[in-house]
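Architecture at a glance
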Amino acid sequence: MAGKKKPLVVITRKLPDPVETRMRELFDARLVVDDRPMTQPELVAAVRTADVLVPTITDRIDAALIEQAGPNLKLIANFGNGVEHIDVDAAARKGITVTNTPNVLTEDTADMTMGLILTVPRRLIEGAGVLIREGGKWSGWSPTWMLGRRIWGKRLGIVGMGRIGTAVARRAKAFGLSIHYHNRKRVAPAIEDQLEATWWESLDQMLARMDIISVNCPSTPATFHLLSARRLALMQPSAYIVNTARGDIIDEAALIQMIRDGRLAGAGLDVFEHEPAINPKLVKLAAQGKIVLLPHMGSATIEGRVDMGDKVIINIRVWADGHRPPDRVLPARM
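All values reported here derive from a predicted model rather than from experimental measurement. (Residues numbered from 1 in each chain as written. Predicted model: local features only at pLDDT ≥ 70, side-chain atom pairs only at ≥ 80, totals over all residues. Heavy atoms only, no water.)

Topic: the sheet that holds strand β12 (residues 291-293)
Taken together, the seven strands give an open sheet; going across it, the order is β8-β7-β6-β9-β10-β11-β12, and neighbouring strands pair in parallel fashion. Each end of this open sheet is capped by a strand with a single partner; those strands are β8 (198-199) and β12. Packed on one face of the sheet, helix α11 (residues 252-260) meets β10 (240-243), β11 (266-269) and β12 and runs near 140° to β11. (Pairing = 2+ DSSP bridges. Helix = DSSP H or I, 4+ residues; strand = E, 2+ residues; numbered from the N terminus. Contact = heavy atoms within 4.5 Å. Axes fitted to C-alpha atoms, helices over the stretch in contact; angles between N-to-C directions.)

Brief notes about the sheet that holds strand β3 (residues 52-54)
One open sheet accounts for five strands, arranged β2-β1-β3-β4-β5; its pairing is parallel. Of all strands in the sheet, those bounded by a partner on one side alone are β2 (28-30) and β5 (97-99). The mean angle between the axes of side-by-side strands here comes to 20°, regardless of whether they run parallel or antiparallel. As paired strands, strand β4 (residues 75-77) and β5 are joined by three bridges and run parallel to one another. Residue pairing across strands places Ile-76 opposite Val-98, the latter belonging to β5.

Describing the UniProt feature "domain: D-isomer specific 2-hydroxyacid dehydrogenase NAD-binding" (unreviewed entry) in the chain
The feature "domain: D-isomer specific 2-hydroxyacid dehydrogenase NAD-binding" (unreviewed entry), as given by UniProt, occupies residues 115-298 in the numbering adopted here. The annotated region residues 115-298 carries 34% helix and 15% strand content, and the separation between its end C-alpha atoms amounts to 10 Å. (UniProt positions renumbered as here; feature names shortened; annotations may be inferred.)

A closer look at the UniProt feature "domain: D-isomer specific 2-hydroxyacid dehydrogenase catalytic" (unreviewed entry) in the chain
The sites that UniProt annotates as "domain: D-isomer specific 2-hydroxyacid dehydrogenase catalytic" (unreviewed entry) are residues 18-329. With 39% helix and 12% strand, residues 18-329 has end C-alpha atoms that lie 25 Å from one another.

Comments concerning the nonpolar core
Within the largest apolar cluster, 30 residues are counted, with the highest numbers of intra-cluster contacts made by Ile-213, Val-215, Leu-227, Leu-232, Met-235, Ile-241 and Leu-255. Secondary-structure elements contributing two or more residues to this core are α9 (203-207), β9 (212-215), α11, β11 and α12 (280-287). In this structure Leu-232 touches Leu-227, Ile-241, Ile-250, Asp-251, Ala-254, Leu-255 and Met-258, once residues within four positions along its chain are discounted. (Core = buried A, V, L, I, M, F, W, Y, C linked by side-chain atoms within 4.5 Å. Buried < 20%, exposed > 50% of the residue type's maximum accessible area, 1.4 Å probe, protein only.)

Given below as C-alpha cells:
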C-alpha cells in the first residue's frame, strides 16, 4: 500500500495484540484501550469519520446509525461471522459494503458444543461445584450419588446442519451418539453416509424423538423463536437442549418454565436471548444444577480470534485495492 493514503480504520473493541499490530502496520487504525463496547455517541463519531468501521457483535449498527455515516465510510468489516447486529440493507442503500469472517470458528464452536453435550447430562459442573463449595472435602464414592445420563447410544438432533452442525455431528458420532438433523436442505449423500445421519424434514417430528438437541443454525428473522413454547413442549421430559448459536432462536421464557416444571431434563447455554443480560431465573436454575451457563465462549480461542482478525484485514486490503472483498455480505433484497 506504499504511495497510497492509508484508510482510516476505526475498531470498536480491543482485539488480540497480533491483530491490532498488523492493523496499525497496514492502516491508519484507531484502536481502543478499554475492553468495553462503544457508547452510542462514540459509534456516531466513528461512522462520521472512518473510511472503514470494524465492529463486533456487541455494537448495534442499525439504520439510524448508518444514516449518520460520513461520506468516507464505505466498508463495515465485521469482526465475526454473524451480522444480525448490522442493518445490511441500510448499509447497501448508503453505498456501504459489509463483510464478515466466515469459516474460521467452526471447529472451536463445535468443540464447545460437544463439551456442553457431555457436561449437561453427566452433571460435570454440578459435581465440580460440590468439591469447591465443600472446600475439597468429600465423603467418598456412593453408588447412588450424582447420577447423570449415559451419552453413548443416545439420539442427537442437530438443528442446522451447516459447517458447525456437521462438525458437531462428526464429534458426536465418535462418542457413540446416533446423528439426526433438521435442515432447510438435505446434506450431500456422502456426508449422510459418513455420519450415518438421519434427515428429518419436519422439525416437530425430530424434536419429539431426540434425547439431546443441539442448536446450530444462524439467527435470522425466520429462526427467531424457532424453538417456540409449542415446539419445546414436543420434547421428551428426559431430553436436554444445548445452544451455542444465538439466544433468540429459543423462546427463553418457555425453556425456563419447562425446566422448572420438570418437562425438560436440562440445558447448556452459551448464548442468551437478551445478551449480555441474563435472566435471573436462568442463574437460579444453574445454581440448582439444572442447567449450565457459559458467557458466550463458543469461539473464544486465541487461534480463532487471530484467524478472525486475519479475515478482517484481508477484506479491508482487498477493498482498499479497489476490488470486491471475498467475504462480502449481500443485503436481503439482492
